2 protein chains.
Amino acid sequence: MQQPAELKTALEIHLKAIADRPSWQSGLYAPMSYILGLGGKRIRPMLLLMSYQAMSGRDGTEALNCATAVEFFHNFSLIHDDIMDNAPVRRGKPTVHEKWNTNTAILSGDAMFALAYEYLIVGFEPRAAALMREFTRVSVGVCEGQMQDMEMAGQRASIPQYIEMIRKKTAMLIGGSLSIGAIAAGAQPEEVAQLYALGETAGIGFQLHDDYLDVYAPADKFGKQVGGDILENKMTFLLIRCIEKADAIQKRELDRLLYEEPSPEAKVAGVMALYEALGIKAETMAEMDRYFAAADALAADLRSRPGFGLIDDFFQSLSKRDH
Amino acid sequence: MQQPAELKTALEIHLKAIADRPSWQSGLYAPMSYILGLGGKRIRPMLLLMSYQAMSGRDGTEALNCATAVEFFHNFSLIHDDIMDNAPVRRGKPTVHEKWNTNTAILSGDAMFALAYEYLIVGFEPRAAALMREFTRVSVGVCEGQMQDMEMAGQRASIPQYIEMIRKKTAMLIGGSLSIGAIAAGAQPEEVAQLYALGETAGIGFQLHDDYLDVYAPADKFGKQVGGDILENKMTFLLIRCIEKADAIQKRELDRLLYEEPSPEAKVAGVMALYEALGIKAETMAEMDRYFAAADALAADLRSRPGFGLIDDFFQSLSKRDH
């Protein structure tokens, strides 16, 4: 059983060995090498490794290739999402379609998705069918979530629609990272389902937390611009609740801010004032805590397992992060 | 053991049942339903079904889901290739990105690729690892081939580069359809490899045949415009050999035709006259026949198997088709 810091080191070494291969420095593979090199918290593969440890009692590094699969899937989805969102920058660097071009980004993403399946089963061939079923179920769900996100842009969404969208787009892969690790470990179907539900529920909480941090993160600790979502008129839990709760006058003010206010500072300040007047901050925190509490309850009878504490701690650190 | 006509009927019914599902009429799934409905010869799933029959001695319809996987992969690659090629029309209908939009086409393609993996192993779970390894190997190869095709556009390619490109882009999935059917049937690794090599070799022949038919198909039988590749300045075996064989005067004439001739009719007629002068037609036929003969030799000791004759006949019909 390895500690998270050791797992993270082993994972980074593993990913770097893939990204640094000579054959990965050109053509289809250069963009994969590039996006893997942009780093990140590696939340999904780390959850997979810890889930594998908790459910097998063995060393998580046995599942490094399997963990690579979820990181590859995540990176593939970032490449394609950035095309669809027309995003120029990711983690302070040009996105793949900016640095290369859209066609290369489509195709590199496709190949990275295919390669994810190759890594998924390495060392766990007898469980290949179950692993690939779960991986495919999650992959299709993430695509459905991204589609719902696109359909929602510029529309008036309800909170249930929004929660369903983030459940698929973000939370399914969090749940899937835990369930896939558990399947590789040979866990029972009930345990796999429980871990999945725990991860999915916490994943919704994480996305609500992200929505919250966009506006209320301590300015000196949060890398991103405060109010980035507001400036993009992005549908978040906060904005949807603000639209729902606003009276006629506040509604007019919100519309003016979203569609007519030329100053970015005034726009963010104005929307934040409406959030303040309508109690949106407290409501978002309460909603997020509901999901974390539900995830906590789902974890109850898994806590007896040695190794589960690491997952618990990891989730705690994610739900408290202010950066 | 089923005859090809019966297999084709069963396959079409199977695909239509998927495409007609109520949940497939909107969102992410409508484009998948649409492209499946555009029809086509279903060469890849048919080869898979016949390979399964030949290697198992059983009824090919047992492998309909597995055959669906290669058809899904093929359709996914058409959706994404049409985006990359900026193609407005496929089989006389608007392409997916034209009928919907590019983002929907990217995402529908992604989900269709994921779903291919779901179908791949249905009924063959104990062979899931081998099936998905072969499927992934082929998928990545097809992406590499498409990348080479894009890199080749507007460049001077050599014949070996061109053959390598079509080997990956087109022939690997022909070979893969046979090898995947054989893996599902429980064939020995040597037999799987032999079927793959046979399919890949014939697949190169089929692509050369397509290049040939673009120019020399009987006009009344061939649906497409004669000389479509010429009008697009598309690198084909014929054009590459013409560039290689042309003397200085012919080279200037070819450049004028490709880059300056305003009349489509004059362009096609002019390039065809150069092909005629340089013996390109006979050379292409000879090259194509070399691949078919090599495929034939690879098939030699498989001919003893009942059911292999169907594959033989199918390849014969494809290599003789003039439509």
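Use the structure listed above.
Residues numbered from 1 in each chain as written. Chains lettered and ligands numbered in written order. Predicted model: local features only at pLDDT ≥ 70, side-chain atom pairs only at ≥ 80, totals over all residues. Heavy atoms only, no water.

**What to know about the overall build of chain A**
Part 1: Counting its regular elements, chain A contains 15 helices and two strands.
Part 2: In terms of overall dimensions, chain A is globule-like: its C-alpha atoms have a radius of gyration of 20 Å, near the 20 Å expected for 323 residues.
Part 3: Overall size of chain A, expressed as C-alpha extent along the three principal axes, is 65 × 50 × 35 Å.
Part 4: Going through the 323 residues of chain A one by one, you find that 59% of them count as buried.
Part 5: At a minimum sequence separation of 6, the contacts of chain A that also span at least 24 residues come to 74%.
Part 6: Counting 33 positive and 43 negative side-chain charges, chain A places the averaged centre of each group 1 Å from the other. (Helix = DSSP H or I, 4+ residues; strand = E, 2+ residues; numbered from the N terminus. Rg over C-alpha atoms; globule rule 2.2 N^0.38 Å. Buried < 20%, exposed > 50% of the residue type's maximum accessible area, 1.4 Å probe, protein only. Contact = heavy atoms within 4.5 Å. Lys, Arg positive; Asp, Glu negative; His and termini not counted. Charge placed at Lys NZ, Arg CZ, Asp CG, Glu CD.)

**Some thoughts on the interface of chain B and chain A**
Part 1: On the side of chain A, 34 residues touch chain B, which itself brings 34 residues to the contact.
Part 2: Both sides of the chain B and chain A interface together cover about 3100 Å² of buried area, and 76% of this is carbon and sulfur.
Part 3: Our enumeration of links across chain B and chain A arrives at two salt bridges.
Part 4: Across the pair arginine 133 of chain B and glutamate 125 of chain A runs a salt bridge whose closest N-O atoms are separated by 2.6 Å.
Part 5: For the interface between chain B and chain A, the tally reads eight residue pairs in polar contact (both at pLDDT 80 or more).
Part 6: For the side of chain B that touches chain A, the element with the highest residue contribution is helix α7 (residues 128–152) of chain B, accounting for 13 residues. (Buried area = accessible area lost by both parts, 1.4 Å probe. Salt bridge = Lys/Arg side-chain N within 4 Å of Asp/Glu carboxyl O. Polar contact = N/O pair within 3.5 Å; in protein donor to acceptor, adjacent residues only side chain to side chain.)

**Things to note about helix α9 (residues 189–216) of chain A**
Part 1: A rise of 1.5 Å per residue sets the reference length of α9 of chain A, with its 28 residues, at 40 Å; its end C-alpha atoms lie 40 Å apart and thus fit the reference within 8%.
Part 2: Burial analysis of α9 of chain A places 23 of its 28 residues in the buried class, which makes it a mostly covered element. (Expected span 1.5 Å × (residues − 1).)

**Examining the relation of the copies chain B and chain A**
Part 1: Superposition record for chain B on chain A: RMSD 0.0 Å, screw rotation 180°, translation along axis 0.0 Å. The relationship between the two copies is best expressed as a two-fold rotation axis. Ranked by how close their C-alpha atoms come to the rotation axis, the residues of chain B are headed by alanine 128 of chain B, at 2.9 Å.
Part 2: In this assembly, 100% of the residues forming the interface of chain B have copies in chain A that are likewise at the interface, indicating an isologous arrangement. (Least-squares fit on C-alpha atoms with pLDDT ≥ 70 in both.)

**Focus on the side chain of serine 108 of chain A**
Residue and element names in this part refer to chain A.
Part 1: Examined against the element boundaries, serine 108 turns out to sit in helix α6 (residues 102–120).
Part 2: Take serine 108: its relative accessible area is 0%, and that puts it in the buried class.
Part 3: Sequence-distant contacts of serine 108, defined by excluding residues within four places in its chain, comprise Leu28, Pro31 and Met32.

**Structural notes on the packing of aromatic side chains**
Part 1: Evaluation of the coordinates by the stated rule reveals 30 aromatic pairs over all chains.
Part 2: Seen from their ring centres, phenylalanine 73 of chain A and phenylalanine 135 of chain A are 5.9 Å apart, and the 80° between their planes marks the pair as edge-to-face. Highlighted residues: phenylalanine 73 of chain A in helix α4 (residues 64–84) and phenylalanine 135 of chain A in helix α7 (residues 128–152), separated in sequence by 62 residues. Here phenylalanine 73 of chain A matches phenylalanine 135 of chain A in class, with each residue buried.
Part 3: Site record: aromatic cluster; members linked through ring pairs are Phe73, Phe76, Phe113, Tyr117 and Phe135 of chain A together with Phe73, Phe76, Phe113, Tyr117 and Phe135 of chain B.
Part 4: Above the ring of tyrosine 196 of chain A, the side-chain terminus of arginine 137 of chain A is found at 4.4 Å from the ring centroid. (Phe/Tyr/Trp six-rings, centres within 6.5 Å; stacked < 30°, edge-to-face > 60°. Lys NZ or Arg CZ within 6 Å of the ring centre and 35° of its normal.)

**Looking at the nonpolar core**
Part 1: Counting 244 residues, the largest nonpolar core has Leu120 of chain A together with Leu120 of chain B as the members making the most contacts within it.
Part 2: Residue contacts for leucine 120 of chain B: discarding those within four places in its chain leaves Met132 of chain A together with Asn65, Cys66, Ala69, Leu131, Met132, Phe135 and Ile180 of chain B. (Core = buried A, V, L, I, M, F, W, Y, C linked by side-chain atoms within 4.5 Å.)

**Here's the deal with unusual backbone geometry**
Residues and elements named next belong to chain B.
Part 1: A positive phi angle, near 55°, is found at asparagine 86, a position not held by glycine.
Part 2: Mapping asparagine 86 onto the fold places it in the loop between α4 (64–84) and β1 (89–90).
Part 3: According to the relative accessible area criterion, asparagine 86 is exposed, its value standing at 60%.
Part 4: Its identity is not glycine, yet asparagine 233 carries a phi of approximately 55°, on the positive side.
Part 5: Looking at the secondary structure, you find asparagine 233 in the loop between α10 (228–231) and α11 (237–245).

**Description of the pattern of salt bridges**
All names here are of chain A.
Part 1: For the coordinates displayed, the defined rule picks out 46 salt bridges over all chains.
Part 2: In this structure, glutamate 244 engages arginine 241 in a salt bridge whose closest nitrogen and oxygen atoms are separated by 2.5 Å. Here the residue glutamate 244 and the residue arginine 241 both occupy positions in helix α11 (residues 237–245), the gap between them amounting to three residues, near one helical turn.
Part 3: The network of salt bridges with common partners includes Glu144, Glu164, Arg167, Lys168 and Glu200.

**Thoughts on the packing of helix α12 (residues 248–259) of chain A against helix α13 (residues 264–278) of chain A**
Residue and element names in this part refer to chain A.
Part 1: Where α12 meets α13, the axes come as close as 9 Å, and the angle between the chain directions of the two elements is 155°. With respect to each other, α12 and α13 are oriented roughly antiparallel. The hand of the α12/α13 crossing is left-handed. Listed contacts from α13 to Gln250, Glu253, Leu254, Leu257 and Leu258 of α12 are Ala266, Lys267, Gly270, Val271, Leu274, Ala277 and Leu278.
Part 2: By residue class, the composition of the contact of α12 with α13 is eight nonpolar, two polar and two charged. (Axes fitted to C-alpha atoms, helices over the stretch in contact; angles between N-to-C directions. Parallel < 35°, antiparallel > 145°, perpendicular 65-115°, else oblique. Left-handed = near helix turned anticlockwise from the far one by under 90°. Nonpolar A, V, L, I, M, F, W, Y, C, P; charged D, E, K, R; others polar.)

**Side note on the environment of methionine 147 of chain B**
Part 1: Its place among the elements puts methionine 147 of chain B in helix α7.
Part 2: Looking at methionine 147 of chain B, the relative accessible area reads 8%, which means it is buried.
Part 3: Sequence separation between methionine 147 of chain B and methionine 50 of chain B is 97 residues, and the spatial gap between their C-alpha atoms is 30 Å.
Part 4: Sequence-distant contacts of methionine 147 of chain B, that is, excluding residues within four places in its chain, are made with Gly27, Leu28, Thr104 and Leu107 of chain A.

In short, geometric facts, not functional conclusions.
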